[in-house]
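For reference, the chains in residue letters:
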Amino acid sequence: MPLRLLLGILCCLPIFAPAHAQGQPDTVGDFIQKKKVIVNTSKAELCFADDHQCHPVLIGVSTPKGKFDLTLNSTDKPGYGGEVIGFKQEGDFLFALHRVWNQIPSERRSERIASSVVSDRIMTNGCINVSDAVYEKLRHYFVLEVI
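If you're wondering where the values come from, they're calculated on a predicted model, not measured in any experiment.

## Let's talk about unusual backbone geometry
Not every positive phi belongs to a glycine, and alanine 44 is a case in point at roughly 50°. As for its placement among the helices and strands, alanine 44 is situated in the loop between strand S1 (36-40) and strand S2 (45-48). Even without glycine at this site, arginine 108 takes up a positive phi of about 50°. For arginine 108, the location among the structural elements is in the loop between strand S7 (93-99) and helix H3 (109-113).

In structure tokens form, the structure reads like this:
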């Protein structure tokens, strides 16, 4: 192949580059990965990866660490607002993100989630409790990473 023809072909390559090379997501999987939330257990906070907004959460010492897919689950159990966002099943127990569960007033969960003291926010059975506003936003996310 003549050098002149080869150079002409190489000069045209950027025009035909795939969309992901131009800064666009190349798959649905890439989009899903961008719709991720990260829970930092040492800070007891949840951060949205795409807009970097962070919020206090209630967690437990048994909250599992790792990367999980999120699934919306309906429930008729009192205190959950009709649904939870599950992330890990262990036997009969579903670890989930859900609205602050206030069925035992002496636990003072609403007060504790507002506390600036991290140890106040470590008190659940392993689920992650969030404010109503954070929960509504979470319904549009697909991946949870707990570190």
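## As for the pairing of strand S9 (residues 143-146)
Relative to S9, S1 is paired through 4 bridges, and the arrangement is parallel. Residue pairing in the sheet places isoleucine 38 in a bridge with glutamate 145 of S9. Sheet topology note: the strand S4 (residues 66-69)/S9 ladder contains 4 bridges and is antiparallel. Counted as the bridge partner of glycine 66 is valine 146 from S9.

## A few points about the state of the cysteines
Simply put, disulfide is the name for a covalent bond between the sulfur atoms of two cysteines. One pass over the structure, following the stated rule, counts 1 disulfide. Residue cysteine 47 pairs covalently with cysteine 54 via a disulfide, S to S 2.0 Å. Measuring handedness by torsion sign, the sulfur bridge of cysteine 47 and cysteine 54 sits at about 110° and is right-handed. Of the residues examined, cysteine 47 reaches a relative accessible area of 15% and is grouped as buried. Judged by relative accessible area, which is 37%, cysteine 54 ranks as partly exposed.

What counts and how
Residues numbered from 1 in each chain as written. Predicted model: local features only at pLDDT ≥ 70, side-chain atom pairs only at ≥ 80, totals over all residues. Heavy atoms only, no water. Helix = DSSP H or I, 4+ residues; strand = E, 2+ residues; numbered from the N terminus. Pairing = 2+ DSSP bridges. Disulfide = S-S within 2.5 Å. Buried < 20%, exposed > 50% of the residue type's maximum accessible area, 1.4 Å probe, protein only.

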